[in-house]
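Each chain, written out:
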Amino acid sequence: MSEAGDSRRNSIELIGAKAGTAMPAEMRQALHLRGLIPTSIENFSKQELRAYQQLMSKSTNLEKYQFLATLRCLNVNLFFRLLLNHFRDIVPLIYTPTVGEACLSYSHIYPFLYPFRTSVGLFITLDDTDCIDSVIENYRRSMPDPIDPEITVITDGSRILGLGDLGINGMGIPIGKLQLYSAAAGLNPGRTLPIVLDFGTNNERYLNDPLYLGTREHRPDDKRFYEAAGRVISALHYAFPGLLIQFEDFSTEHAFGLLDYWRKRTLCFNDDIQGTGCVILGGFISAIELAGIPPRDQRILFVGAGSAGVGVAKQLVDYFIHEQKLSEPDAQAMFWFVDSHGLITNNRGDTLPHHKVDLARHDNGSTQCATIEEALEYVKPTALIGLSTVHGAFSERILTRMHELNPQARPIIFPLSNPETKAECSFEDAMRCTNNRVLFASGTAFPEYTDPETCQVYVPGQGNNMYAFPAIGLGAVLCKPSWITDTMLFAVSKALANSRSPDEKAAGELYPRIERIRDVSAELAAAFVTQAVRENLVKEKHWLDVVSANMPENMVPGHIDGLFSRRVLGEVKTLMWKPAASVEQYIVEAITTINPDDT
Ligand SMILES: NC(=O)C1=CN([C@@H]2O[C@H](COP(=O)(O)OP(=O)(O)OC[C@H]3O[C@@H](n4cnc5c(N)ncnc54)[C@H](O)[C@@H]3O)[C@@H](O)[C@H]2O)C=CC1
Ligand SMILES: CC(=O)C(=O)O
Ligand SMILES: [Mg+2]
């Protein structure tokens, strides 16, 4: 086909196919589509209604996931309209818990053919890293819009949620996270790039699965891993200057190494370490306000000391140092950690991996605790944080002891492992065992709990990094700081705690309601950008002008109130992408994308 023919075809694909039954009559005529589309000329709301009905008619969550995945490829605008208008219902279908189920069977549910010109993302093998530039170029060519991605979520599938090594099947996670970026924080979906490093898997089940879609080899050694991952990151950095890289679900043994090496070399962050730290600190600040004891009297027991446990602990320690004015040793003394070998101490007789050394207790004398129960009796915690991947680790006995050990304070219990099949306890169990006194947040949303005697309904908190990563990403994409500092993340946590509405606070909720996520993300991103400018790490003149103008001297990180902050917030909001509200708007946008000179 001639170039002119190609271009016409592309226009029809972009404008026509995606407007679908909403395409006006004149346009059907002009694009030679008359007779090829059903007669009725609909609006987007009607299309959305039909899509929602079809979604709800599916009998399993996995079928719903598949329906949504296909819709995302066929009609981006409709997909995001549907998602935004039914956020609470649909997030669990595209994210945890259903995305976990989808990843487990990704090689089996993979559609035969993704529609022309709708790349799912990049699948990069070890061999591909020898010609990585051409692989990236293939991706660029495959995209309908000639614009560079501004954000990538990249995994090697080695620790997908709490489900372990899923190899290439982990691709569902970057896809799901990036869908949330667009829905929750207004990142343009056409500029998001999911990547899986298909460097092999140590999962024997997949290696023996005839339908497994990835490389059938064991994972490489550390040297080869870092070399190959480094090539990919450098090539991305070169091809798309300013691209934000989110590391996701790398096993803990590589998560810290990658972040430490790349943190100041390219714009990046690790969601499991830093995003989770941000979000849990935000909820924890809200929880300690309600706990009924002075914050510095908290005794915090972590169950799980992997990338997420360490990331969360680090940000909580920083909070006690910077906001509660404790010395570093005093702040650290408030924390105890249990891993699969028991309480982490410096004299329990094993060699601790690097990331656990700072977590070890030195004051335990000859006491060692082999189990969570023993640690509970030894520490007598006021707060219990689960990032262990062990379903039911917070047994009824443990939950009841938390109630008994805290007669004066409300116990904080955060079972944060994902998906819900890995959660340390359920909301219902935590409520029953603590006489409804628990301050609760879980990684995957639990249903509301109705007290059988009083019929009062209680809403659980969701402590999932989805409250933070979209905002960190939006803030970083907008202002492009040289690197992402701890204090920028701290500002995001503070803004998250501050973002609760008076109603949410009065109801004792630890996080804002999920339906408000776009407003919340905008506030958090504004706090991020403001902090980045304050730290002199932003070069873009636009943001220097917006933020520096009239910045009060006593600006408190994470406080989004006052005229100054509202100005920054207003600017952030105007730059957030959203699906077109009407077919007319959609067509204008589509034509502008195809031919910017036509405007
Ligand atoms: N809520 C959220 O936003 C997030 C939740 N997560 C969840 O956190 C979990 C952990 O993630 P990572 O830290 O990266 O994994 P990891 O595998 O590195 O860490 C797990 C930790 O739990 C410990 N553990 C295992 N069995 C145990 C047992 N029986 N008793 C006590 N400790 C035990 C391990 O020793 C290790 O320290 C996953 O389920 C993940 O989905 C991770 C990031 C964000
Ligand atoms: C939420 C998330 O990032 C995780 O569970 O790994
Ligand atoms: Mg993760």
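As the structure is a computational prediction, the values presented were derived from the model and not from experiment.

Cut-off values and rules
Residues numbered from 1 in each chain as written. Chains lettered and ligands numbered in written order. Predicted model: local features only at pLDDT ≥ 70, side-chain atom pairs only at ≥ 80, totals over all residues. Heavy atoms only, no water. Near = heavy atom within 4 Å. Polar contact = N/O pair within 3.5 Å; in protein donor to acceptor, adjacent residues only side chain to side chain. Areas by Shrake-Rupley, 256 points an atom, 1.4 Å probe, with all protein chains shown as cover. Nonpolar A, V, L, I, M, F, W, Y, C, P; charged D, E, K, R; others polar. Disulfide = S-S within 2.5 Å. Buried < 20%, exposed > 50% of the residue type's maximum accessible area, 1.4 Å probe, protein only. Helix = DSSP H or I, 4+ residues; strand = E, 2+ residues; numbered from the N terminus. Contact = heavy atoms within 4.5 Å. Donors = N, O, S within 2.8 Å, 3.2 Å for Na, K, Ca; no water. Pairing = 2+ DSSP bridges. pLDDT = per-residue confidence, 0-100.

*Asks:* Help me understand the site of ligand 1 in this model?
*Replies:* Residues in close proximity to ligand 1 total 27 residues, the closest being Arg 159, Thr 252, Ala 305, Ser 307 and Asn 465. One of the side-chain nitrogen or oxygen atoms of Ser 307 is found 2.6 Å away from an oxygen atom of ligand 1. A distance of 3.5 Å separates a nitrogen atom of ligand 1 from a polar backbone atom of Asp 339. Bound to the protein, ligand 1 loses 85% of the 860 Å² it would expose on its own. When grouped by side-chain class, the residues that make up the shell around ligand 1 number eight nonpolar, 15 polar and four charged.

*Asks:* How should I be thinking about the state of the cysteines in this particular structure?
*Replies:* Put plainly, two cysteines are in a disulfide when a covalent bond ties their sulfur atoms together. Enumeration over the complete set of coordinates arrives at zero disulfides. Cys 73 supplies the cysteine sulfur nearest to Cys 103, a cysteine that is in no disulfide, at a spacing of 15 Å. Taking relative accessible area as the criterion, Cys 103 reaches 0% and is therefore assigned buried. No disulfide involves Cys 479; its sulfur sits 14 Å from that of Cys 278, the nearest cysteine. Accessibility expressed as a relative area gives 0% for Cys 479, which makes it buried.

*Asks:* I'm lost on the side chain of Thr 252 in this one. Help?
*Replies:* Tracing the chain through its elements places Thr 252 in helix α13 (residues 252–262). In this view, Thr 252 contacts Gly 306, Ser 307 and His 355; residues no more than four positions away in its chain are not counted.

*Asks:* How should the coordination of the magnesium ion (ligand 3) be read in this particular structure?
*Replies:* Here the magnesium ion (ligand 3) is held by the protein donor atoms Glu 248 (OE), Asp 249 (OD) and Asp 272 (OD), which lie 2.0 to 2.1 Å from it. Along the chain, the residues that donate to the magnesium ion (ligand 3) are spaced as E-D-x22-D. You can see Asp 249 sitting in the loop between β4 (244–247) and α13 and its partner Asp 272 sitting in helix α14 (residues 271–290), a full 23 residues away along the chain.

*Asks:* Could you clarify how one ought to interpret the pairing of strand β9 (residues 383–386) in this entry?
*Replies:* Working note: regular strand, side chains alternate between the two faces of the sheet. Neither face of β9 is left uncovered, since the one carrying Ala 383 and Ile 385 and the one carrying Leu 384 and Gly 386 both have all their residues buried. In the sheet, strand β6 (residues 300–303) pairs with β9 via four bridges, with the strands oriented parallel. Its bridge partner being in β9, Phe 302 is matched across the sheet by Ile 385. Judged from the four bridges that link them, β9 and strand β10 (residues 412–415) form a sheet pairing that is parallel.

*Asks:* It is not clear to me how the sheet that holds strand β14 (residues 461–462) should be interpreted in this structure. Could you clarify?
*Replies:* Each strand in a sheet pairs with its neighbour through backbone hydrogen bonds, running either in the same direction (parallel) or in the opposite one (antiparallel). Ordered by their spatial adjacency, seven strands build an open sheet running β8-β7-β6-β9-β10-β11-β14, and the pairing between neighbours is mixed. Because the sheet does not close on itself, it has two edges, and the strands there are β8 (342–343) and β14. Alignment of β10 against strand β11 (residues 439–442), held across two bridges, turns out to be parallel. Paired with Ile 413 across the two strands is Phe 440, which belongs to β11.

*Asks:* It is not clear to me how the confidence of the model for the chain should be interpreted in this structure. Could you clarify?
*Replies:* Keep in mind that low pLDDT regions are not for reading the predicted coordinates in detail. On average, residues of the chain score 92 in pLDDT, and 92% of them reach the 70 mark or higher. Interface confidence for the predicted complex, given as ipTM, is 0.99, next to a pTM of 0.95.

*Asks:* What is the right way to read unusual backbone geometry from this model?
*Replies:* For residues besides glycine, phi is generally negative; the peptide bonds are generally trans as well. Residue Thr 96 is joined to Pro 97 through a cis peptide bond whose omega torsion reads 10 degrees. Position of Pro 97 relative to the elements: it lies in the loop between α6 (87–94) and α7 (98–104). For the bond running from Asn 418 to Pro 419, omega is -15 degrees, close enough to zero to count as cis. Within the secondary structure, Pro 419 is located in the loop between β10 and α20 (427–433). Its identity is not glycine, yet Leu 161 carries a phi of approximately 45 degrees, on the positive side. Mapping Leu 161 onto the fold places it in the loop between β2 (151–155) and α10 (172–185). The exposure class of Leu 161 is buried, given its relative accessible area of 12%. With a phi close to 55 degrees, Asn 435 is a non-glycine residue in the positive phi region. Summarising the element assignment, Asn 435 is placed in the loop between α20 and β11.

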